[in-house]
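Architecture at a glance
Letter by letter, the chains look like this.
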Amino acid sequence: MDIAQHNRKLVHYGKYVFALSTLLPFRRGNKKPTERLSTAELLARYPERVKMLWREKAGSLPAKSPHDAVESDRTGDFDDGLVMEIEGGWCHGRQCDWIGIDNVVLSELHRCDGPLAPKAVPGGWLNPRRIRRAVTTPRRLPQPVHVAGDVVVLNTSGSHNYFHWLCEVLPRLELVREAGVLQADAYVVDNYKPFHRQALELLGIPAAKVIEPHEGLLIQADRLIVPSLATAVSRRRLGARLQSRLGPATGVSQPPSQRRLYVSRRLARNRSLGNDAEVAALLASHGFESHCLEQYTLAEQVRLFRDAAVVVGLHGAGLTNILLSPNPIDLIEIKPSNCDRDYFELLANEVGATYQQVSASRNRWRGPWHCPLEPLENAVRDAIAASESELLAPHTA
């Protein structure tokens with residue numbers, strides 16, 4: 001497979017990636033496999049072709065966070081972190097959730113509502129999206145493309161989003177690193193957004209080895225290297241590695257580990273604060289710096305959060321950067337009242353950060369959100385007091 005030629009033929013439209021040549025019906029191959037085996041079953045059936053390269057030692061695992069508990073229910077054998085090699089293994093799709101050998105799918109990484117199956121949407125068959133997905137979903141896999149050597153699978157669902165990229169895609173690279181197979185011949189992962197390219201370059205993955213996946217791509221590798229889904233340990237290793245690849249921050253006016261950051265979404269196209277200027281002014285009176293992270297490179301964001309002590313921001317991917325700080329952080333999330341996603345509370349618990357929440361409201365549907373200033377100021381005062389006491393603790397002990 002000519003990787004450079006493959007990537008040049010791709011079409012990018014927003015978060016979607018596809019190749020025009022694979023849309024033709026006659027390019028279809030075998031029927032989709034129906035047999036699904038777990039890791040243990042795959043190892044037992046194919047002892048000569050499937051190998052366990054590495055597995056996280058039980059003693060190195062911390063107590064599981066709520067996020068880990070949910071993941072373990074879904075992933076089975078993959079919840080502790082492992083890397084396996086499949087000789088002649090295949091991988092299909094943008095999300096790389098159809099991985100297998102011969103006519104068998106690896107169950108731990110397979111999503112029943114993945115791209116090859118019509119997703120259930122609200123309204124059932126009365127919803128036009130349900131009909132469109134049922135009509136356009138192929139019943140067969142594409143024709144396979146052979147890739148020589150070791151091919152590492154990294155992509156997962158939501159890889160176009162900064163949160164999922166930093167929390168779920170890149171940490172899998174740390175699992176591969178632990179297994180000692182980082183110097184592979186190819187990596188199946190997105191590489192079209194600036195933060196994709198910057199992160200892979202920072203972690204030493206050359207663009208010439210990156211195969212961008214799409215729904216018309218079925219890879220058949222000599223040896224397919226398959227890491228488990230990301231774990232809490234691999235996420236912390238990723239944060240430490242990104243910090244270690246950069247030099248010390250410069251131009252910081254405040255003492256180390258005492259920066260106070262406001263992650264503003266005033267430049268975002270959706271989910272913004274109507275009273276952002278008032279929130280920024282209130283926080284500035286408490287020593288906060290206001291930043292729009294979409295203006296920064298990944299390296300600049302790593303340096304920015306390296307010395308952060310208190311972080312305030314509206315629910316959004318920018319808050320994922322608390323993963324990059326080596327110091328205890330106090331996170332205050334301004335959370336929309338209709339948002340039931342607890343991603344950042346779980347991530348804060350996972351990295352040992354203190355978490356507070358301030359609820360935001362709005363007057364009209366799809367309008368800007370409004371953050372109440374008094375609850376926010378109370379949360380900020382508590383966070384500052386806590387961070388200052390943590391700073392003095394070693395000197396008073």
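Everything numeric in this text was worked out from a predicted model, so none of it was measured.

Our focus in this paragraph is the confidence of the model for the chain. Reading fine detail from the predicted coordinates is not recommended where pLDDT is low. With 84% of its residues at a pLDDT of 70 or more, the chain shows a mean pLDDT of 85. The spread of mean pLDDT over the elements of the chain runs between helix 3 (residues 66-75), the lowest at 39, and strand 12 (residues 186-188), the highest at 98. Counting contacts from residues 112-119, a segment whose pLDDT is below 50, to residues more than four positions away or on other chains yields 20 contacts. Low pLDDT (under 50) marks residues 250-255, which in the prediction has six contacts with non-local residues, meaning those over four places away or in another chain.

As a further point, take the state of the cysteines. By the definition in use, this model includes zero disulfides. No disulfide involves C96; its sulfur sits 3.7 Å from that of C91, the nearest cysteine. Accessibility expressed as a relative area gives 3% for C96, which makes it buried.

The parallel open sheet is built from five strands, whose spatial order is 16-15-17-18-19. Edge positions in the sheet fall to strand 16 (288-291) and strand 19 (354-360), since each of these pairs with one other strand and no more. Between one strand axis and the next, the sheet turns by 20° as a mean value, whatever way the strands run. Here seven bridges tie strand 18 (residues 330-336) to strand 19, and the two strands are oriented parallel to one another.

Here we take up the nonpolar core. Judged by nonpolar contacts, the single largest core of 51 residues is most densely connected at Y187 and V311. Among the elements that make up this core, the one with the highest residue count is helix 5 (residues 162-179) (eleven residues). When residues of this core are assigned to domains, at least three fall in each of domain 1 (3-58 + 76-244) and domain 2 (259-392). With residues near it in sequence (within four places) discarded, V311 still touches L261, V263, F305, L319, I329, D330, L331 and I332. If you look at the next biggest cluster of nonpolar residues, it comprises 26 residues, including I101, A186, V188 and I211.

To continue, consider the packing of helix 5 against helix 7 (residues 232-244). The description of two helices packed together rests on the angle between their axes and the distance between the axes. Helix 7 packs onto helix 5 with a crossing angle of 85° between their chain directions and a minimal axis gap of 8 Å. Taken together, the axes of helix 5 and helix 7 are roughly perpendicular relative to one another. Contacts between helix 5 and helix 7 involve L166, C167, L170, P171, E174, L175, R177 and E178 from the former and S234, R235, R237, L238, R241 and L242 from the latter. Classifying every residue of the contact of helix 5 with helix 7 by side-chain character gives seven nonpolar, one polar and six charged.

Attention now moves to the packing of helix 5 against helix 6 (residues 194-202). Contact geometry of helix 5 with helix 6 gives a least axis separation of 11 Å together with a crossing angle of 30°. Taken together, the axes of helix 5 and helix 6 are roughly parallel relative to one another. Helix 6 is crossed by helix 5, and the crossing has right-handed handedness. On helix 6, the residues that touch Y162, W165 and L170 of helix 5 are F195, H196, A199 and L200. Class assignment of the residues belonging to the contact of helix 5 with helix 6 gives a composition of six nonpolar, one polar and no charged.

Right, let's talk about the side chain of D276 for a bit. Relative to the assigned elements, D276 resides in helix 8 (residues 276-284). Although D276 is buried, it forms no salt bridge, and the closest oppositely charged side chain is R266 at an N-O distance of 4.2 Å. Leave out the neighbours within four places in its chain, and D276 touches Y262, S264, R265 and R266.

What follows concerns the environment of V351. The topology assignment puts V351 in helix 10 (residues 343-351). Note: C-alpha distance between V351 and V233 (118 residues apart in sequence) is 9.6 Å. The residues touching V351, leaving out its near neighbours within four places in the chain, are I322 and L323.

This part covers the side chain of Q243. The topology assignment puts Q243 in helix 7. Ignoring anything within four residues of it in the chain, the contact list for Q243 reads V302, R306, L323, L324, S325 and P326.

Thresholds applied
Residues numbered from 1 in each chain as written. Predicted model: local features only at pLDDT ≥ 70, side-chain atom pairs only at ≥ 80, totals over all residues. Heavy atoms only, no water. pLDDT = per-residue confidence, 0-100. Helix = DSSP H or I, 4+ residues; strand = E, 2+ residues; numbered from the N terminus. Contact = heavy atoms within 4.5 Å. Disulfide = S-S within 2.5 Å. Buried < 20%, exposed > 50% of the residue type's maximum accessible area, 1.4 Å probe, protein only. Pairing = 2+ DSSP bridges. Axes fitted to C-alpha atoms, helices over the stretch in contact; angles between N-to-C directions. Core = buried A, V, L, I, M, F, W, Y, C linked by side-chain atoms within 4.5 Å. Domains from an automatic or database assignment. Parallel < 35°, antiparallel > 145°, perpendicular 65-115°, else oblique. Nonpolar A, V, L, I, M, F, W, Y, C, P; charged D, E, K, R; others polar. Left-handed = near helix turned anticlockwise from the far one by under 90°. Lys, Arg positive; Asp, Glu negative; His and termini not counted. Salt bridge = Lys/Arg side-chain N within 4 Å of Asp/Glu carboxyl O.

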